[in-house]
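# Topology and contacts: notes
So you can see what is in the structure, the chains are spelled out below.
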Amino acid sequence: MEHIVIIGNGISGITAARHIRKLSDKRITVISAETDYFFSRTALMYVYMGHMKFEHTQPYEPWFWKKNRIQLMKAFVKNVNHQDKLLELQEGQSISYDKLIIATGSKPNKFGWPGQDLKGVQGLYSKQDLDGVEKYAPDNKTCKRAVIVGGGLIGIELAEMLRTRNIPVTFLVRENSFWNGVLPAGESQMINEHILEHHIDLKLATNLTEIIPDENGRAKAIKTDKDETIECDFVGLTAGVSPNVDFLKNSGIDIGRGVKVNRLLETNITDIYAIGDCAEQHEAIGYRRPIEAVWYTGRMMGETVAQTICGNKTEYKPGHWFNSAKFLDVEYQTYGWVFSERSKKDSEKHFHWRHPNEKICITVAYHSDTNKFLGINTFGIRMRHQIFNRWLTEERNVEYVMEYLKDANFDPEFYAHYEENIIQKFNTEMGTSITPKKKSWKRIFKIA
């Protein structure tokens, strides 16, 4: 019986295991040093915030794995011997494979800051990181102040977590506006305001230079490039993540920043594949980055590689870009491509609408010559993924999107709706006379 070994029990590895089992009777082993069972990584913050227990983050009961004949092994792989098809484990034993899937995910970035390895200094990625936050920042007596370094999605999640326990937070962001390498200016400014309203000490255009230890090797303060010293008991390093591939550097497997793969998710070594955060496409797919540390792309890669391993060679085709997140109380969705001012092309134009009082806005991107709809960002308004996916595939123009915008709204019953205000501003700016169509369930649920 062919033996498939998967290193990593995150969303990518477990999705691959589940789909290989659906398609075949192959022997499957999943190896992870992090936890006994797969858990929802995006739910870690809610454990600390008291919304759930850690066991609630596990989508499958412990009996699921035996029933589906997926063997779980808690171990750390220190080397891959592809000539003999062996994995050498830190504990001294080895395990053989016929096909290997590398799904080892990411690790928080460190940039050589003095003191970056002190106690109380960490990222927020693993179960061990969650345990560390609980240990070093359990309350505002043990942790009188926390400093977070890096202004991305993980950084704002960590800030929200700490604030639920009334721990004062200083947030260092090297850009002059929050996440402005991704968000257009109007949206970035709105999130700046939202962070400050939550009593988070946001310091823009500020870099960490040093973490200062106490006599016990624990962080007691940080220094910035503004010659400021900030006393703190916990430092969260959230300046992005990078592929967790250090153990592969002498394996013969082609490594860039991540494990190099083709569209079939194959490495340069026969019978070895890589998926998820640790995989790096030789050539980026469209505007996507070669490495995508995103939950849903990891799941899609797991489904894709399972098909190939089970004899149905399938290219990884992630389709139109989409993502969602939450900035404290504000829900964020993006469909298609809406680039920030730092990266958008001259042909990409933006229409921006913001509510005068609430933290609600949208930005619509379109082509300046053809008016082709390119993408949309929404804050505080829920939208239907399948609608925007359809409109992007059909290459609709921006006027069409505005005319039928009510079809895309997915807010719950009794929520306020803003399409009339949005289109009124659009008509004023664009010189159009669009009248919004009434929502049609027939249009919404038609087969694209």
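See the structure printed just above.
Notes on the structure follow. (Residues numbered from 1 in each chain as written. Predicted model: local features only at pLDDT ≥ 70, side-chain atom pairs only at ≥ 80, totals over all residues. Heavy atoms only, no water.)

Helix and strand counts for the protein come out as twelve helices and 25 strands. Relative to its length of 448 residues, the protein is compact, with a C-alpha radius of gyration of 24 Å against a globular reference of 22 Å. Here the C-alpha coordinates of the protein stretch approximately 70 × 60 × 40 Å along the principal axes. Restricting the contact set of the protein to residue pairs at least 6 apart, pairs at least 24 apart contribute 62%. Put simply, the protein shows about 21,000 Å² of open surface, and 47% of that area lies on carbon and sulfur atoms. Averaging the locations of the 59 positively and 57 negatively charged side chains of the protein gives two centres separated by 4 Å. (Helix = DSSP H or I, 4+ residues; strand = E, 2+ residues; numbered from the N terminus. Rg over C-alpha atoms; globule rule 2.2 N^0.38 Å. Contact = heavy atoms within 4.5 Å. Areas by Shrake-Rupley, 256 points an atom, 1.4 Å probe, with all protein chains shown as cover. Lys, Arg positive; Asp, Glu negative; His and termini not counted. Charge placed at Lys NZ, Arg CZ, Asp CG, Glu CD.)

Turning next to unusual backbone geometry. Positioned with a positive phi, Leu265 is a non-glycine residue whose angle comes to about 70°. Its location among the elements puts Leu265 in the loop between strand 18 (259-261) and strand 19 (272-274). According to the relative accessible area criterion, Leu265 is buried, its value standing at 0%. Even without being a glycine, Phe414 presents a positive backbone phi close to 80°. (Buried < 20%, exposed > 50% of the residue type's maximum accessible area, 1.4 Å probe, protein only.)

Right, let's get into the packing of aromatic side chains. What the rule picks out here adds up to 27 aromatic pairs. Between the aromatic rings of Tyr60 and Phe64, the centroid separation amounts to 4.3 Å while the plane-to-plane angle is 20°, which identifies the pairing as stacked. Overall, the relative accessible area of 22% leaves Tyr60 in the partly exposed class. Accessibility expressed as a relative area gives 15% for Phe64, which makes it buried. A ring pair is formed by Tyr332 and Phe379, whose centres lie 4.9 Å apart and whose planes are at 35°; its orientation type is tilted. Of this pair, Tyr332 sits in strand 22 (residues 330-336) while Phe379 is found in strand 25 (residues 373-379), placing the two residues 47 residues apart along the sequence. (Phe/Tyr/Trp six-rings, centres within 6.5 Å; stacked < 30°, edge-to-face > 60°.)

Between its first and last C-alpha, helix 7 (residues 295-309) extends 21 Å over 15 residues, near the 21 Å set by a 1.5 Å rise per residue. When you tally the buried positions in helix 7, you get eleven out of 15 residues, the bulk of the element. For helix 7, the set of buried residues is Tyr296, Thr297, Gly298, Met300, Met301, Gly302, Thr304, Val305, Ala306, Thr308 and Ile309. At its buried positions, helix 7 is contacted by strand 1 (3-7), helix 1 (11-23), strand 7 (99-102), strand 19, strand 20 (279-281) and strand 21 (322-327). The positive-phi residue at the C-terminal boundary of helix 7 is Gly311, with phi of around 95°. (Expected span 1.5 Å × (residues − 1).)

In terms of nonpolar packing, the biggest core is built from 79 residues, with Val80, Leu87, Ile101, Ile102 and Phe388 touching the most fellow members. With six residues, the single largest contributor to this core is helix 7. Other than its neighbours up to four places away in sequence, Val80 contacts Ile7, Leu86, Leu87, Tyr97, Leu100, Phe247, Leu248, Ser251, Ile253 and Ile272. Grouped together as the second largest cluster of nonpolar side chains are 39 residues, Tyr136, Ala146, Met161 and Ile167 included. (Core = buried A, V, L, I, M, F, W, Y, C linked by side-chain atoms within 4.5 Å.)

Every second residue of strand 5 (residues 86-89) is oriented toward a common face, the buried set being Leu87 and Leu89 and the non-buried set Leu86 and Glu88. Connecting strand 4 (residues 77-81) to the antiparallel partner strand 5 that follows it, the hairpin turn spans four residues, and Lys85 within it adopts a positive phi of roughly 55°. With three bridges joining them, strand 5 and strand 6 (residues 94-96) adopt antiparallel strand pairing. Residue pairing across strands places Leu86 opposite Ser96, the latter belonging to strand 6. (Pairing = 2+ DSSP bridges.)

Relative to the elements of secondary structure, Ala325 occurs in strand 21. Along the primary structure Ala325 and Ile154 are separated by 171 residues, whereas in three dimensions their C-alpha atoms are 10.0 Å apart. Apart from the residues lying within four places of it in its own chain, the contact partners of Ala325 are Leu153, Val330, Glu331 and Tyr332.

This part covers the layout of surface pockets. Considering only enclosed or pocket space, the second largest pocket measures out at about 440 Å³ in volume. Considering the residues around the second largest pocket, the lining is formed by 22 residues, among which Tyr287, Gly336, Trp337, Lys372 and Leu374 are closest to the centre. (1 Å grid on protein atoms, 1.4 Å probe; cavity = no way out; pocket = protein on both sides within 12 Å on 5 of 7 lines; lining within 4 Å. Points joined across faces, edges and corners; volume = space filled by probe spheres on them.)

Applying the stated criterion across every chain, the model contains one cavity of 30 Å³ or more. When its volume is computed, the largest cavity comes out at roughly 70 Å³. Residue lining of the largest cavity: Val261, Leu265, Ala279, Glu280, Gln281, Ile285, Arg288, Arg289, Pro290, Glu292, Met301 and Tyr316, and that is the complete set. Broken down by element, the lining of the largest cavity gets its largest block of residues, three residues, from strand 20.

Further remarks concern the side chain of Thr334. Following the sequence through the fold, Thr334 ends up in strand 22. Classification of Thr334 as buried rests on a relative accessible area of 4%. Only 2.7 Å separates the side chain of Thr334 from the side chain of Asn377, close enough to count as a polar contact. When neighbours within four sequence positions are excluded, Thr334 is seen to be in contact with Trp321, Phe322, Asn323, Ile376 and Asn377. (Polar contact = N/O pair within 3.5 Å; in protein donor to acceptor, adjacent residues only side chain to side chain.)

Here the focus is the side chain of Asp129. Relative to the helices and strands, Asp129 resides in helix 4 (residues 127-136). We note that Asp129 is buried and unpaired, the nearest opposite charge coming from Arg41 at a distance of 6.9 Å. Once residues within four sequence positions are removed from consideration, Asp129 is found in contact with Pro108, Gln122, Gly123 and Leu124. (Salt bridge = Lys/Arg side-chain N within 4 Å of Asp/Glu carboxyl O.)

The parallel open sheet is built from five strands, whose spatial order is 9-16-10-11-12. Here the strands that pair on one side only, and so sit at the sheet edges, are strand 9 (121-122) and strand 12 (201-204).

A few words now on the environment of His367. If you trace the backbone, His367 turns up in strand 24 (residues 361-367). Classification of His367 by relative accessible area gives partly exposed; the value is 22%. Between the C-alpha atom of His367 and that of His199, which follows or precedes it by 168 residues, the distance is 39 Å. Looking at His367, its side chain comes within polar contact range of the main-chain nitrogen of Thr370, at 3.5 Å.

That is the geometry; function is a separate question.
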